[in-house]
Amino acid sequence: MIDKTLAGKVAYITGAARGQGRSHALALAGAGADIVAVDACANTKFSGYDMAAPEDLAETARLVEAAGGKVLTAQVDVRDLEGQQRAVTDAIARFGRLDIVVANAGVCNWGRLWEISAAQFAETIDVNLTGVWNTVRATVPAMIDAGNGGSIMTISSSAGVKAPPGCGHYAASKFGVVGLTKSLAIELGEYGIRVNTLLPYGTNTPLGNDTSMYKMFEEHPSYVYSYTPTLLKTDGLVEPEEISQVVVWLAGDGAGVITGAQIPVEKGFLAR
Ligand SMILES: NC(=O)c1ccc[n+]([C@@H]2O[C@H](COP(=O)([O-])OP(=O)(O)OC[C@H]3O[C@@H](n4cnc5c(N)ncnc54)[C@H](O)[C@@H]3O)[C@@H](O)[C@H]2O)c1
């Protein structure tokens, strides 16, 4: 029997159309939470892989419902603060409360810091860092109003604590997410809202399998030393479902004493 430890709680997840976001939506629904699934479902300019499509977001909703969960979808770009605020208003109207937030939407693209364009730098910071702040700005007031405490998770990256070459703008955005999350954890402690960052490394999603990174390794072979194998099961990437188990744990009372933490979910890459 599945343990419905999150029954009665409502989870807002960005980047939920596929990849880690969809996996987190399904796992949180499996634990009993109602789901608000947000995704732009539109391509960005600089990533070497396609973003999700509207059908992907619809498929996330179908999978949640097929598993017996309730779901509300919103096709919103995380760069659109008012759009996220509307999604939160709709979520409160439908489900009455908000307890869990997974600020997961993100993009990756490649290039050396002095060679990328201002537009490429800005897009990465806008989606990965300002997008997370927009999610915080849109969701936290509703969580405080509900008065039930809660759990916010931001998805940074191993690149948010150990900066690699070839994507310094991505690293800057993800370091920013770690700093934002630490400050937020301090500010929200008195409301009983826990705030933690997850640090994935290579994960089996379209972002994690982006082959456009190989051009950079061809041009700058020494960069590969910053992308070392992990300690565990070095033959493959982490599966999104493995990270979702940590998300469900952090969302629930079992992690009730954990806040302001950076949690590696990367098979030990950061330990080396
Ligand atoms: N896959 C990895 O190897 C890896 C490693 C470290 C960190 N991460 C982080 O994990 C998070 C999830 O990525 P993933 O691996 O599932 O990749 P993914 O590309 O499969 O999923 C990202 C999702 O975010 C959506 N999205 C992109 N830009 C958006 C925007 N502006 N507004 C709303 N939605 C948007 C996409 O449509 C997609 O559905 C990201 O923040 C990423 O930086 C991934």
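Structure shown above.
Residues numbered from 1 in each chain as written. Predicted model: local features only at pLDDT ≥ 70, side-chain atom pairs only at ≥ 80, totals over all residues. Heavy atoms only, no water.

Asker: So what exactly am I meant to see when it comes to the pattern of salt bridges here?
Answerer: For side chains of opposite charge, pairing can occur when their charged atoms come near one another. Scanning the model with the defined rule gives 5 salt bridges in all. When the shortest N-O distance is used, the salt bridge between Arg 112 and Glu 115 registers 2.8 Å. You can call Arg 112 partly exposed: its relative accessible area is 22%. The salt bridge partner of Lys 215 is Glu 219, with a shortest N-O separation of 2.9 Å. Remark: Glu 219 and Lys 215 occur in helix 6 (residues 213–219); sequence separation between them is 4 residues, near one turn of the helix. (Salt bridge = Lys/Arg side-chain N within 4 Å of Asp/Glu carboxyl O. Buried < 20%, exposed > 50% of the residue type's maximum accessible area, 1.4 Å probe, protein only. Helix = DSSP H or I, 4+ residues; strand = E, 2+ residues; numbered from the N terminus.)

Asker: Got a minute to help me understand the packing of helix 4 (residues 118–146) against helix 5 (residues 168–188) in this structure?
Answerer: Direction vectors running N to C along helix 4 and helix 5 enclose 15 degrees, while the axes themselves pass 8 Å from each other. For the element pair helix 4 / helix 5, the angle class is roughly parallel. The way helix 4 lies across helix 5 gives a crossing that is right-handed. Contacts from Gln 120, Phe 121, Thr 124, Ile 125, Asn 128, Leu 129, Val 132, Trp 133, Val 136, Val 140 and Ile 144 in helix 4 reach His 169, Tyr 170, Ala 172, Ser 173, Lys 174, Gly 176, Val 177, Leu 180, Leu 184 and Leu 188 in helix 5. For the contact of helix 4 with helix 5, the residue count by class is 14 nonpolar, 6 polar and 1 charged. (Axes fitted to C-alpha atoms, helices over the stretch in contact; angles between N-to-C directions. Parallel < 35°, antiparallel > 145°, perpendicular 65-115°, else oblique. Left-handed = near helix turned anticlockwise from the far one by under 90°. Contact = heavy atoms within 4.5 Å. Nonpolar A, V, L, I, M, F, W, Y, C, P; charged D, E, K, R; others polar.)

Asker: Before we go on, may I ask you to explain a nonpolar patch on the surface in this structure?
Answerer: A contiguous nonpolar patch, built from Leu 113, Trp 114 and Phe 121 and spanning about 370 Å² of accessible area, is present on the exposed surface. Here Leu 113 shows up in the loop between strand 4 (100–103) and helix 4. (Patch = residues over 30% accessible without salt bridge, like charges linked within 9 Å, V, L, I, M, F, W, Y side chains within 5 Å. Areas by Shrake-Rupley, 256 points an atom, 1.4 Å probe, with all protein chains shown as cover.)

Asker: Please clarify how the packing of aromatic side chains should be interpreted in this entry.
Answerer: Remark: the centre distance and the inter-plane angle together describe each pair of aromatic rings, the angle taken between the planes. Applying the stated criterion to the full structure yields 3 aromatic pairs. When the ring of Tyr 201 is compared with that of Phe 269, the centres are 3.6 Å apart and the planes differ by 10 degrees; the resulting orientation is stacked. Here Phe 269 lies in the segment after strand 7 (262–265) and Tyr 201 lies in the loop between strand 6 (193–200) and helix 6, a separation of 68 residues in the sequence. On the basis of relative accessibility, which here comes to 21%, the residue Tyr 201 falls in the partly exposed class. Aromatic pair Phe 217 and Tyr 227: ring centres 5.3 Å apart, planes at 80 degrees, arrangement edge-to-face. Note that Phe 217 is positioned in helix 6 and Tyr 227 in the loop between helix 6 and helix 7 (240–251), a separation of 10 residues in sequence. (Phe/Tyr/Trp six-rings, centres within 6.5 Å; stacked < 30°, edge-to-face > 60°.)

Asker: Help me understand the environment of Tyr 223, please; the structure alone is not making it clear to me.
Answerer: Structurally, the position occupied by Tyr 223 is in the loop between helix 6 and helix 7. Distance in space between the C-alpha atoms of Tyr 223 and Pro 164 is 8.0 Å, their sequence separation being 59 residues. Tyr 223 has contacts with Arg 112, Pro 165, Gly 166, Met 216 and Phe 217, leaving out every residue within four places of it along the chain.

Asker: Please explain the sheet that holds strand 4 as it appears in this structure.
Answerer: Strands belonging to one sheet form pairs held by backbone hydrogen bonds; the direction of such a pair is parallel or antiparallel. Spatially, 3-2-1-4-5-6-7 is the arrangement adopted by the 7 strands of the open sheet, whose pairing is parallel. In the strand order of this sheet, the two ends are held by strand 3 (71–75) and strand 7, each with one partner. Here the average twist between neighbouring strands, direction ignored, is 15 degrees. In terms of strand pairing, strand 6 meets strand 7 through 4 bridges, oriented parallel. (Pairing = 2+ DSSP bridges.)

Asker: Is there a simple way to explain helix 7 in this structure?
Answerer: Three or four residues apart is the spacing at which side chains of an α-helix point the same way, because the helix has 3.6 residues per turn. When the terminal C-alpha atoms of helix 7 are compared, their 16 Å separation across 12 residues agrees well with the 16 Å that a helix rising 1.5 Å per residue should span. Within helix 7, burial applies to Pro 240, Ile 243, Ser 244, Val 247, Leu 250 and Ala 251. The buried residues of helix 7 all sit within an arc of 120 degrees when viewed along its axis, so they share a single face. Summarising the contacts, the buried residues of helix 7 are in contact with helix 1 (19–30), strand 4, strand 5 (150–155), strand 6 and strand 7. (Expected span 1.5 Å × (residues − 1). Arc of directions from axis to C-beta.)

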